[in-house]
Amino acid sequence: MTVHEIAATAACGTEVGQGDARYEALRRGFNQRFIATPDYVSVVSSTREAVAALNKYLASHRSDADLHRRITVRSGGHCYENFVCGDDVGVILDLAQMDRAYLDQEMGAYCVESGANNWHVATHLYAPFGVALPGGSCYSVGAGGHVAGGGYGLLSRQHGLTVDYLYAVEVVVVRDGQHAEVVIARRDAPEQELRDLWWAHTGGGGGNFGIVTRYWFKGLPKPPSEVLLHAVAWPWDDLKDHPDRFKSLVRNYGLFFEYENTPELPASLRRDYSDMFTLLKLNQRANGKIGLITQLDATRPDSVERLDAFLEWLTQDLGVEPTPLDRRMGEHAPMGGLHVPTRLPWLTATQTLNGSGDNQCGKYKSAYMTRGFTEPQLDALFTHLSGNGYSNPQALLQVDSYGAAINLPDSADTAVYQRSSVLKLQYQTYWSWQKDSNDDGVADHQDADIDLSIAAPHLRWIREFYRDVYKDTGGVPVLSPTTTPAGEQPAPVTDGCYINYPDTDLDDPEWNRSGQPSHRLYYGDNYARLQAVKDYWDPRNVFRHAQSIRPVTR
């Protein structure tokens, strides 16, 4: 097995500790709910520096008992939970300076460093090479965690997940529990252990096995030269007193992707829609509207006709005229000019949709669905989104189209287990501090630390919302069984959760009464293999968080 040695005396990068003007910014990520107090943040710009920084940490933690002050890794900083910026973090390794995306002639593959964000990757692969990574649309998300968790975006229905193109990964690991080393794990490596390490990074999640410094991809697709972009919205004023209208829209949306390519759809819809990606924005009533964003391949001559047929199916029972999407919905800014389908170059459209929202506090939950919504689920959606007990224009359920090319691989081909899903859901709520609870004249995280009422209504709403949608399956979107014996109840329409939208409530018995723990919901039958990889490459459990892969021997 090839191990790349790095001298122990190599520089550790730039260390930013308490008292440094940069410390306040670097001890937090995108989600302002979680702000760590590490001994220092190590800003590294190379694999060599990452190894040296890890060795320094390990040298000061010679016994297992000392590892309670974790070392964590940040690329883009978009972790939804406290996995990177928790109270127990001693050192944060910041990889944002490792941000190149280029063609590696020696490897014969496109290399993306883990600190490169989605927009940087898009521009640096498309402009010189005409290819694209089918990744996310939030521009500032870093590749390090995005790829390791599976990665998907607006090209995924046509071309698959990000990890479906992963050829190799460079990882700084601690096999002996005390010394860092660099390995490059290829999918075609002669050693099984390296192939397993590669596989673990095709959806096993970040912060589990080591420090990812570089990824390599082969066979990347060419995006269409132009896409059709469309955005519309429907006012809550026309829906709040008519739950049947709201439910028909959401029901038809789910059924379209459940029935795709089957005789259940009318003939006008039995076409290839794999190039179409949609985001249904089910905002809380205080937003004033719910919205729909759609992208199709505009180089196909029937793109407008197919869009019209899809919209006709979606709104067949709605009876409400569409309006411009003229307000922020989740991470997406207003798109009032797109109520008329607009033809744009692919890169321009990608920039148009590239949004991450404001730096605020947030809570998130997720679900995969193998079929459309059940009637009890539709009732719960309407009740919690239209109710008067909670008012937040920045609270929503976003329902993304899924399926098509994503469904082609087997559930064991990559660590992404959910290969039969047709919808992917992201529950979101955002808030800011807004209160000066400690009377120091300003609103900041210190107010939230002492005043739980700042976050409480937002956390309560999203938790109760989620619980009630999945009331029939223990409050969470359980994995669907592979078979349902004759005479038993129909299988659930859900298929677990997405590790890149982590949710620690999944391990709280108050909110999860399903009997399926988080690792089951995230990884399904792939968890045992992930544990074996963890056992081999990180037996000391150096890289860990509240929902990390647990080694078998610990």
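Since we're looking at a predicted model, the values are computed, not measured. (Residues numbered from 1 in each chain as written. Predicted model: local features only at pLDDT ≥ 70, side-chain atom pairs only at ≥ 80, totals over all residues. Heavy atoms only, no water.)

This paragraph deals with unusual backbone geometry. You will see that N261, though not glycine, has its phi angle at about 65°, which is positive. Position of N261 relative to the elements: it lies in the loop between α7 (243-259) and β11 (277-283). With relative accessibility at 56%, the residue N261 sits in the exposed group. One non-glycine residue, D439, lies in the positive phi region at around 55°. Structurally, D439 can be placed in the loop between β17 (423-431) and α11 (445-450). (Helix = DSSP H or I, 4+ residues; strand = E, 2+ residues; numbered from the N terminus. Buried < 20%, exposed > 50% of the residue type's maximum accessible area, 1.4 Å probe, protein only.)

Applying the stated rule across the entire model yields 29 aromatic pairs. Here Y364 and Y430 contribute two aromatic rings whose centre-to-centre distance is 5.6 Å and whose plane-to-plane angle is 80°, an arrangement assigned as edge-to-face. Here Y430 lies in strand β17 and Y364 lies in strand β15 (residues 361-369), a separation of 66 residues in the sequence. Accessibility assignment for this pair places Y364 and Y430 in one class, buried. With 4.7 Å between their ring centres and 80° between their planes, Y498 and Y501 make a pair best called edge-to-face. Comparing Y498 with Y501, the two get one shared label, buried. The structure contains a cluster of three or more aromatic residues connected by ring pairs, namely Y80, Y152, F277, Y364, Y368, Y402, Y430, Y498 and Y501. For R306, the ring lying beneath its charged end belongs to Y273, and the centroid distance is 5.4 Å. (Phe/Tyr/Trp six-rings, centres within 6.5 Å; stacked < 30°, edge-to-face > 60°. Lys NZ or Arg CZ within 6 Å of the ring centre and 35° of its normal.)

Once that is clear, we can look at helix α9 (residues 346-353). For α9, the set of buried residues is W346, A349, T350 and L353. Buried residues of α9, viewed axially, fall in a sector of 105°; they line one side. Elements that come into contact with the buried residues of α9 comprise α3 (118-129), β10 (226-235), β12 (289-297) and β14 (342-345). (Arc of directions from axis to C-beta. Contact = heavy atoms within 4.5 Å.)

So, on to the sheet that holds strand β2 (residues 40-43). Reading across the sheet, the four strands line up as β1-β2-β4-β3 and stay open at both edges, with mixed pairing between neighbours. If you trace the sheet from one side to the other, it starts and ends with β1 (14-17) and β3 (70-74), each paired once. On average, each strand axis in the sheet is tilted by 25° relative to the strand beside it, whichever way the strands run. (Pairing = 2+ DSSP bridges. Axes fitted to C-alpha atoms, helices over the stretch in contact; angles between N-to-C directions.)

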